[in-house]
Every structure is written in structure tokens, then in C-alpha cells.
Amino acid sequence: GAKLDVPRTVDTKKNLTAAFASTTAPAPNFDDAAGSHVRQKLVEFYTKYNPSKIDSVDKTLETFDGRYDEMFDKLQKKYQYPIPSGEGPVCFLEFSGNQRIIIQLYSSLAPKAAENFRALCTGDVSIGGKKLTYQFSKIHRIVPGMCIQGGDY
């Protein structure tokens with residue numbers, strides 16, 4: 001740690017304030033190599049996980065003001081998801097243009113949801129003579145690595 005040179009005088013409060021002020025780490029200068037590295041790391045993170053946030057990089061850095069480990073911990077918890085595990089069938093959704101998304105269902109963890117999803121993928125279920133299926137459903141949003149949203153909204 002830093003050695004504080006505190007003179008023993010009547011005005012110790014002023015001397016202590018000056019001594020502690022001199023040991024406080026300065027705010028990073030994002031124009032120097034160390035500060036630029038933190039900023040670049042945040043830009044790369046947002047580019048990968050939420051590109052719409054790139055314009056807020058400077059505000060995020062200002063908000064965390066030197067607590068960059070805390071900042072990256074919070075961002076990772078928010079945007080990075082645990083690797084799923086479990087057992088169950090594999091289904092796929094096929095889109096126009098010969099595109100296919102393969103989906104692992106975890107019936108060992110969520111048996112009813114997995115069976116319902118599988119039945120809608122294969123068209124195995126009907127209600128009142130009407131076949132229920134994802135066929136011809138419209139997709140309106142894809143969040144890579146997270147979800148596909150479709151249907152009526």
C-alpha cells in the first residue's frame with residue numbers, strides 16, 4: 001500500500017485529506033493504453049451481445065467509474081446464459097430457403113413443455129379436427145443465442 005506522510009500538527013484533518021487525495025487512483029484516461037483497453041473490451045462485449053448498446057459505452061464507463069470488474073460481472077450475468085443440459089428429443093424448424101434450426105428439447109427437465117413443442121413441430125396434435133402446427137408461422141424476431149419469437153402479437 002501507499003505510505004502516508006501525515007505531519008503531527010494541529011491541522012491534521014487538512015493534512016489527512018491531502019494525503020488520502022494523493023493516494024486515490026485517478027480516473028482512467030480512455031485515451032491512454034489502459035483506459036482504451038477497458039473501453040475496447042466493453043465495445044467488443046456490446047458488439048457481440050447487444051449492438052444497440054454501443055452508443056452507451058461512455059455512459060456505462062462513467063456509471064461504473066473505475067469498478068470495471070463489477071461492471072463486466074453484471075454484464076456477463078445479464079447477457080450470457082448458462083449452457084443448458086438435460087436429455088430429450090431433438091426437433092427442427094425448417095424455413096424457406098432451405099434453412100433449418102435444430103432445437104434440443106430437455107424433456108428430463110420440462111417434460112410437458114418439451115412434448116408440447118415436439119407435437120407442434122411434427123403436427124401430431126389436433127383440436128376440433130384442426131391440426132396444430134408451427135407450419136406457416138411467421139417469425140418476427142430472432143435474438144441469436146437466445147430465442148426465436150413468432151406467431152400473432
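In case you missed it, the structure is sitting above this.
Report follows, based on the coordinates.

The rules behind these values
Residues numbered from 1 in each chain as written. Predicted model: local features only at pLDDT ≥ 70, side-chain atom pairs only at ≥ 80, totals over all residues. Heavy atoms only, no water. Core = buried A, V, L, I, M, F, W, Y, C linked by side-chain atoms within 4.5 Å. Buried < 20%, exposed > 50% of the residue type's maximum accessible area, 1.4 Å probe, protein only. Helix = DSSP H or I, 4+ residues; strand = E, 2+ residues; numbered from the N terminus. Contact = heavy atoms within 4.5 Å. Phe/Tyr/Trp six-rings, centres within 6.5 Å; stacked < 30°, edge-to-face > 60°. Axes fitted to C-alpha atoms, helices over the stretch in contact; angles between N-to-C directions. Parallel < 35°, antiparallel > 145°, perpendicular 65-115°, else oblique. Left-handed = near helix turned anticlockwise from the far one by under 90°. Pairing = 2+ DSSP bridges.

### Structural notes on the nonpolar core
Formed by 13 residues in total, the largest nonpolar core has its most connected members in Leu42, Tyr46, Leu61, Met71 and Leu75. Among the elements of the structure, helix H2 (33-49), helix H3 (57-64) and helix H4 (68-79) are those that each provide at least two residues to this core. Look past the residues within four positions of Met71 in its chain and what remains in contact with it is Val38, Leu42, Thr60, Leu61 and Phe64. Residues Cys91, Ile103, Ala114 and Phe117 belong to the second largest nonpolar core, which totals 6 residues.

### Side note on the packing of aromatic side chains
Here the structure, examined in full by the defined rule, presents 4 aromatic pairs. Measuring from centroid to centroid gives 6.0 Å for Phe45 and Tyr79, while their planes differ by 65°, and the two rings are edge-to-face. Separated by 34 residues along the polypeptide, Phe45 in helix H2 and Tyr79 in helix H4 bring together distant segments of the chain. Exposure class is identical for Phe45 and Tyr79. Each is buried.

### Here we look at the packing of H3 against H4
Here H3 crosses H4 at 120°, and the two axes come no closer than 9 Å. By the angle class used here, H3 and H4 are oblique. Crossing geometry of H3 relative to H4 is assigned as right-handed. Where H3 approaches H4, its residues Thr60, Leu61 and Phe64 are matched on the opposing element by Tyr68, Glu70, Met71 and Lys74.

### Looking at the pairing of strand S6 (residues 147-150)
For strand S5 (residues 139-143) and S6, the ladder comprises 4 bridges, and the chain directions are antiparallel. Residue pairing for S6: Arg141 is matched across the bridge by Gln149. Connecting S5 to the next strand, S6, in antiparallel fashion are 3 residues, including Gly145 with a positive phi near 80°.

### Points about unusual backbone geometry
For Asp65, which is not a glycine, the phi torsion comes out positive at approximately 30°. With respect to the element layout, Asp65 can be found in the loop between H3 and H4. Look at Asp65 and you get exposed, because its relative accessible area is 52%. One non-glycine residue with positive phi stands out, namely Asn98, at about 55°. With respect to the secondary-structure elements, Asn98 resides in the loop between strand S1 (90-95) and strand S2 (99-104).

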